[in-house]
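Chain and residue survey
Letter by letter, the chains look like this.
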Amino acid sequence: MVVAAVAGVASVASSAQAAGDLNLVCSAAVDFCEQMKKDFETENDIRVHMVRLSSGEASTHIRAEAGNPKADIWWGGTGDPHLQAAAEDLTLEYRSPMLDQLQSWAKKQADSSGYKTVGVYAGALGWGYNTTIFKEKGFKEPSCWADLLASELKGQIEVADPNSSGTAYTALATLVQIMGEDQAFDYLQKLNVNVARYTKSGADSIKAAALGETALGIVFMHDAVAQAVDGFPIKTVAPCEGTGYEIGSMSIIKGAKNLDNARIWYDWALTAEVQSRMKDAKAFQLPSNRMADVPDEAPKLEEITLIDYDFWTYGNPAKRKELLERWDREIGANAN
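First, a word on scope: everything that follows refers to the structure included in this document. Position labels on residues start from 1 in each chain and follow its written sequence. Only residues with pLDDT of at least 70 are given local features in this predicted model, and only at 80 or more are side-chain atom pairs given and counted; all residues enter the totals for whole chains, interfaces and linings. No hydrogens and no water enter the side-chain calculation; it runs on all heavy atoms of the structure.

What follows deals with the pattern of salt bridges. Criterion for a salt bridge: a side-chain nitrogen of Lys or Arg within 4 Å of a carboxyl oxygen of Asp or Glu. The final tally for this structure, using the stated rule, is 20 salt bridges. Here E181 makes a salt bridge to K319, at a shortest N to O gap of 3.4 Å. Remark: K319 occurs in helix α14 (residues 317–330) and E181 occurs in helix α8 (residues 181–192); sequence separation between them is 138 residues. The salt bridge partner of E330 is R326, with a shortest N-O separation of 2.8 Å. Here R326 and E330 lie together in helix α14, a separation of four residues that amounts to about one turn. Classification of residues uses two cut-offs on accessible area relative to the type maximum, computed with a 1.4 Å probe and protein chains only: under 20% is buried, over 50% is exposed, and between them is partly exposed. The exposure class assigned to E330 is partly exposed, which follows from its relative accessible area of 22%. Residues joined by salt bridges that share partners form a network here, namely E181, D182, K319, E322, R326 and E330. The secondary structure listing takes helices from DSSP runs of H or I that are at least 4 residues long and strands from runs of E that are at least 2 residues long, numbered from the N terminus.

This part takes up the nonpolar core. Here, nonpolar core means buried Ala, Val, Leu, Ile, Met, Phe, Trp, Tyr and Cys residues that are tied together by side-chain atoms lying within 4.5 Å of each other. Among the nonpolar cores identified, the biggest contains 82 residues, and W75, M250 and W265 are the most heavily contacted of them. Per element, the largest residue contribution to this core is eight residues, and it comes from strand β4 (residues 118–130). Beyond its immediate chain neighbours, meaning those up to four positions away, M250 contacts I73, W74, W75, H82, K116, T117, V118, V120, W265, Y266, A269 and L270. Core analysis: the next-biggest nonpolar cluster, separate from the first, contains nine residues, L53, A58, A85 and L90 among them. Residue contacts follow a heavy-atom distance rule, with two residues in contact if any of their heavy atoms lie within 4.5 Å.

What a helix is expected to span follows from its residue count: subtract one and scale by 1.5 Å. The first and last C-alpha atoms of α14 sit 20 Å apart over 14 residues, in line with the 20 Å expected at 1.5 Å per residue. Among the residues making up α14, those that are buried are P317, K319, R320, L323, L324, R326 and W327. Of the surrounding elements, those touching the buried residues of α14 are α3 (55–64), α4 (79–87), α7 (166–179), α8, β6 (195–199) and α13 (311–314).

Assignment of secondary structure puts T170 in helix α7. Using a relative accessible area of 2% as the deciding quantity, one classes T170 as buried. Those residues in contact with T170 that lie beyond four places of it in its chain are T78, D80, L125, F220, Y245 and Y309.

The next point concerns empty space enclosed by the protein. Rolled over the atoms, a probe sized like a water molecule indicates the empty space that remains. Using only the protein atoms, space was sampled on a 1 Å grid; points where a 1.4 Å probe fits but cannot get out form cavities, open sets with protein on both sides within 12 Å along at least five of seven lines form pockets, and lining residues are those with an atom within 4 Å of a point. Grid points are joined across faces, edges and corners, and a volume is the space filled by probe spheres set on the points. According to the stated counting rule, one finds three cavities of 30 Å³ or more in the structure shown. Quantified by volume, the largest cavity comes out at close to 110 Å³. What lines the largest cavity is a set of 13 residues, and nearest its centre among them are V159, A168, A171, L172 and L188. Put simply, the parts of the chain that give the lining of the largest cavity at least two residues each are β5 (157–160), α7 and α8. Per-element tally for the lining of the largest cavity: the top contributor is α7, with four residues. Its residues assigned to classes, the lining of the largest cavity shows 13 nonpolar, no polar and no charged. Residue classes follow a fixed rule: Ala, Val, Leu, Ile, Met, Phe, Trp, Tyr, Cys and Pro count as nonpolar, while Asp, Glu, Lys and Arg count as charged, and any other residue, Gly among them, counts as polar.

Attention now moves to the packing of α7 against α14. Axis geometry follows a simple rule: fit a line to the C-alpha atoms, using only the stretch in contact for helices, then measure angles between N-to-C directions, giving values from 0 to 180 degrees. Direction vectors running N to C along α7 and α14 enclose 95°, while the axes themselves pass 11 Å from each other. Comparing their axes, α14 and α7 come out roughly perpendicular. Across the interface between the two elements, Y169, L172 and V176 from α7 touch K319, R320, L323, L324 and W327 from α14. Partitioning the contact of α7 with α14 into residue classes produces six nonpolar, no polar and two charged. In what follows, roughly perpendicular refers to angles from 65 to 115 degrees, roughly parallel to angles under 35, roughly antiparallel to angles over 145, and oblique to any angle outside these ranges.

The analysis is restricted to geometry; functional conclusions fall outside its scope.
Here it is as structure tokens:
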């Protein structure tokens, strides 16, 4: 099935081969980024110059270079900042020949942005906790968002800063959609008492929990699964009240100096063959290509209570700015 999927774009890829360079901004996990870079260079006569930035950092970086962009393509990271970049006319429309092979949510992401971004994977928000610490301290398993406010968890939780992390911004937007904005910020103020540290990157909090530096990290569930697969005592939880999810996305930068090579990467990254190798980098998201192999360990979205996450509203630059400024005033200014 994967071979058939690749055959569908073989003629497109071969006719588009181009030597030279590609400047990549990658917002997925470091190991995932490195594997993608290595595999692409192996299969194409193109040198990839990669910088790894969190979703929020990448968005800021691309906006700052808008007049003279250094990057050609932005791959991975949460979809909200990709949609924001599309709304700000920082990215280019591109309709890949691979679109027909994609999941409906990936195509919807492309359509809603005027084809300036596309979904490459999906993953639900939740948390992972260190079962050893919870057992030793006698903590109750947190099954719901409300459980994270338990007094026994004071100083035991880590989550990222939504200004730099797409994971944390998704959490912020999720809570606003579940509770309403004022109630969500009231919740976050109470949660702040239990937060030991706001990390820069979304995955850092679960890595700290895996190492026993903290008890629980609020992350995308696939990042928690990756730590469990590595043998750490991490249990993954999907919140009982419901949760948001990300559509990891990909965008070509407006003004890309290596535009042909950016398009080659774009088409290549959407193939079933490439997406079937995600598990080799211990990336357990749901691939966007319908014919790609899904890792057995990947959280099953059909078993999780997902909210009807409003990607367009919360990827809108004005709404994003409004929420982040309120977070800075009410939460960040009072961070532990």
